[in-house]
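Secondary and tertiary structure notes
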Amino acid sequence: MKTIHRILARMAVALLAGVALQAAAGLPDKILFGEVGGTNVANSGGRPVSTGIVALAEHLGYFEEEFGSKGPRIEQIFFAGTGPAQNEALAQGSIDFGTYGGVPNVIGLVGGIPARIVATRRASGTGTFYLGVRNDSPFESIKDLKGKRITVQKGTNPYRSLILLLESRGLQEKDVTLVNLQGAEALVAFNAGAVDAVFGTLNLLILRDQGKLRVLEDTKTSLDDGTQSGMLVSEKFEKAYPEVVQRVVKVLLRASHWASREENREALLRFVAERSVAYEYVEEDYAGSLKERFNPLIDESSVLAYDELVKFGVKHRLIRKGVDEKTIRTWFRPQYQQQALQELGLEGYW
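Numbering of residues starts from 1 in each chain and follows the order in which that chain's sequence is written. Per-residue local features are limited, in this predicted model, to residues with pLDDT of at least 70; the limit for side-chain atom pairs, both in listing and counting, is 80 or more; totals at the level of whole chains, interfaces and linings are taken over all residues. Only hydrogens and water are set aside when side-chain values are computed; all heavy atoms of the structure are taken into account.

Looking at the confidence of the model for the protein
Chain-level statistics for the protein give a pLDDT mean of 89 and a share of 87% at 70 or above. pLDDT expresses how confident the predictor is about each individual residue, on a scale running from 0 to 100. Contacts are assigned to residue pairs with any non-hydrogen atoms lying within 4.5 Å of each other. In the predicted structure, residues 11–24 sits below a pLDDT of 50 and forms six contacts with residues beyond four places in sequence or in another chain.

Details of the side chain of Asp285
Tracing the sequence through the fold places Asp285 in helix H13 (residues 279–285). Excluding residues that lie within four positions of it along the chain, Asp285 makes contacts with Gly127, Thr128, Tyr130, Leu202, Lys220 and Arg293. Going along the chain from the N terminus, every DSSP run of H or I of four or more residues is numbered as a helix, and every run of E of two or more is numbered as a strand.

Remarks on the environment of Ala287
Following the sequence through the fold, Ala287 ends up in the loop between H13 and helix H14 (290–293). Residue classification places Ala287 among the partly exposed positions, given a relative accessible area of 48%. Spatially, the C-alpha atom of Ala287 lies 9.8 Å from that of Gly127, the residues being 160 residues apart in sequence. Discounting residues that sit within four places of it in the chain, Ala287 has contacts with Lys220 and Arg265. Each residue gets one of three labels from its accessible area relative to the maximum for its type: buried under 20%, exposed over 50%, partly exposed in between, using a 1.4 Å probe on protein chains only.

Observations regarding the environment of Leu216
Turning to its location among the elements, Leu216 is positioned in strand S11 (residues 214–218). Spatially, the C-alpha atom of Leu216 lies 7.1 Å from that of Glu140, the residues being 76 residues apart in sequence. Setting aside anything within four residues of it in sequence, one finds Leu216 in contact with Leu131, Val133, Phe139, Glu140, Ser141, Ile142 and Leu145.

Section: the packing of helix H5 (residues 102–110) against helix H15 (residues 300–315)
To describe two helices that pack against each other, one gives the angle between their axes and the distance between the axes. Interaxial distance between H5 and H15 falls to 9 Å at its minimum, and their mutual angle equals 75 degrees. On the basis of the axis angle, H5 is roughly perpendicular to H15. Of the residues in H15, those touching H5 at Gly102, Val103, Asn105 and Val106 are Tyr306, Leu309 and Val310. Between N-to-C directions, angles span 0 to 180 degrees; the directions come from axes that are lines fitted to C-alpha atoms, helices contributing only their stretch in contact. Roughly parallel here means an angle under 35 degrees, roughly antiparallel means over 145, roughly perpendicular means 65 to 115, and every remaining angle is called oblique.

Here's the deal with the nonpolar core
By nonpolar core is meant a set of buried Ala, Val, Leu, Ile, Met, Phe, Trp, Tyr and Cys residues that side-chain atoms within 4.5 Å join together. Judged by nonpolar contacts, the single largest core of 56 residues is most densely connected at Phe33, Phe63, Phe97, Leu252 and Leu268. With 10 residues, helix H11 (residues 242–260) is the single largest residue contributor to this core. Leaving out residues up to four positions away in the same chain, Phe97 has contacts with Ile31, Leu32, Phe33, Gly34, Leu90, Val118, Met231, Leu232, Val233, Phe237, Val245 and Val248. Counting residues in hydrophobic clusters, the runner-up holds 21 residues, among them Ile95, Ala115, Leu232 and Phe332.

Overview of the packing of H11 against helix H17 (residues 334–344)
For the pair H11 and H17, the least separation of the axes is 9 Å and the interaxial angle reads 55 degrees. Looking at the two axes, H11 sits oblique to H17. The element H11 and its partner H17 pack so that their crossing is right-handed. From H11, Pro242, Val245, Gln246, Val249, Lys250, Leu253 and Arg254 reach across to H17, where they touch Gln335, Tyr336, Gln337, Gln339, Ala340, Leu341, Glu343 and Leu344. Residues belonging to the contact of H11 with H17 are distributed by class as follows: eight nonpolar, four polar and three charged. For any helix crossing, the convention is left-handed if the near helix is rotated counterclockwise from the far helix by under a right angle, and right-handed if that rotation is clockwise. Each residue gets one of three labels, nonpolar for Ala, Val, Leu, Ile, Met, Phe, Trp, Tyr, Cys and Pro, charged for Asp, Glu, Lys and Arg, and polar for the others, Gly among them.

What to know about the pattern of salt bridges
Each reported salt bridge corresponds to a side-chain nitrogen of Lys or Arg within 4 Å of a carboxyl oxygen of Asp or Glu. Summed over all chains, the structure comprises 20 salt bridges. The salt bridge partner of Arg149 is Asp196, with a shortest N-O separation of 3.3 Å. One end of the pair, Arg149, is in strand S8 (residues 149–151); the other, Asp196, is in the loop between helix H7 (183–191) and strand S10 (197–200), with 47 residues separating them in the sequence. A residue is classified by how much of its surface remains accessible, and Arg149, at 34% relative accessible area, is partly exposed. Across the pair Glu263 and Arg261 runs a salt bridge whose closest N-O atoms are separated by 2.7 Å. The partly exposed category is assigned to Arg261, whose relative accessible area is 32%.

What follows is the structure, encoded as structure tokens:
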């Protein structure tokens with residue numbers, strides 16, 4: 001019995017020493033990352049798994065290399081409410097970082113959520129959106145959808161992409177009825193005939209090949225909307241752990257660099273396929289330049305893109321009032337990325 005007590009005592013001392021060491025190093029116990037949930041998130045062992053840059057960095061071992069085996073625990077929290085839900089989580093301080101679309105980024109930042117952008121991702125990096133209709137429908141072009149019902153979650157990047165796609169074909173938002181549904185709910189409505197078309201991502205390709213719909217058009221071949229997504233850090237976390245923010249940005253920059261290299265394409269596609277949909281669909285979706293797809297840089301094009309997002313938000317009544325360029329610039333924290341680029345020798349790579 002004494003032996004057991006001695007072992008437990010040693011374990012307790014070791015645990016306390018580890019906690020003390022971590023505290024001395026200025027490290028949190030865990031880092032919470034918000035991720036977009038929904039039908040495109042697969043499960044492994046009953047737990048959701050991501051194909052995002054955080055999951056990739058963890059898969060490659062970059063977090064452990066940076067923080068050590070006893071560093072902060074990396075946790076990902078998936079939000080079915082996608083970007084709007086992450087705005088709420090950042091406002092409440094229930095996540096440290098959030099990765100989601102530029103449209104809800106703008107809605108949140110204009111609304112004053114205490115967070116700042118530490119990395120971005122271009123529209124080409126967020127995948128392709130597809131507009132699906134039933135096989136027996138009479139629709140031959142987007143113009144044929146005038147007066148029809150289309151599912152999309154409002155206040156998101158897909159919503160903006162759909163609006164721009166409609167406008168590129170001569171239609172306005174008022175010309176169709178947008179039904180505010182996403183993921184599984186959108187597909188249920190579509191299959192039940194409650195809507196005429198569905199706007200979604202890779203899952204629509206699976207339904208296409210199952211003969212359950214046909215793709216009327218997609219954004220890859222017909223739209224360059226300039227939309228960006230952002231990774232935001234909460235001001236609370238940044239204030240408490242600025243050096244940790246720097247190291248996280250460095251880790252994610254390493255992962256973006258790895259994913260952007262053509263020699264890693266096969267390994268990347270297999271990583272994504274194992275966590276999402278069949279390989280052939282991932283291969284189709286990831287066609288094109290990986291370097292462009294995984295460009296995370298905060299630069300002048302980012303400022304211009306977010307300025308356009310603000311204007312879109314005002315026009316479509318997602319936000320009450322716009323903000324000027326000076327205010328938009330305050331949303332960004334490029335210094336973390338600039339230091340990481342220097343440390344990794346990646347200046348000028350993108």
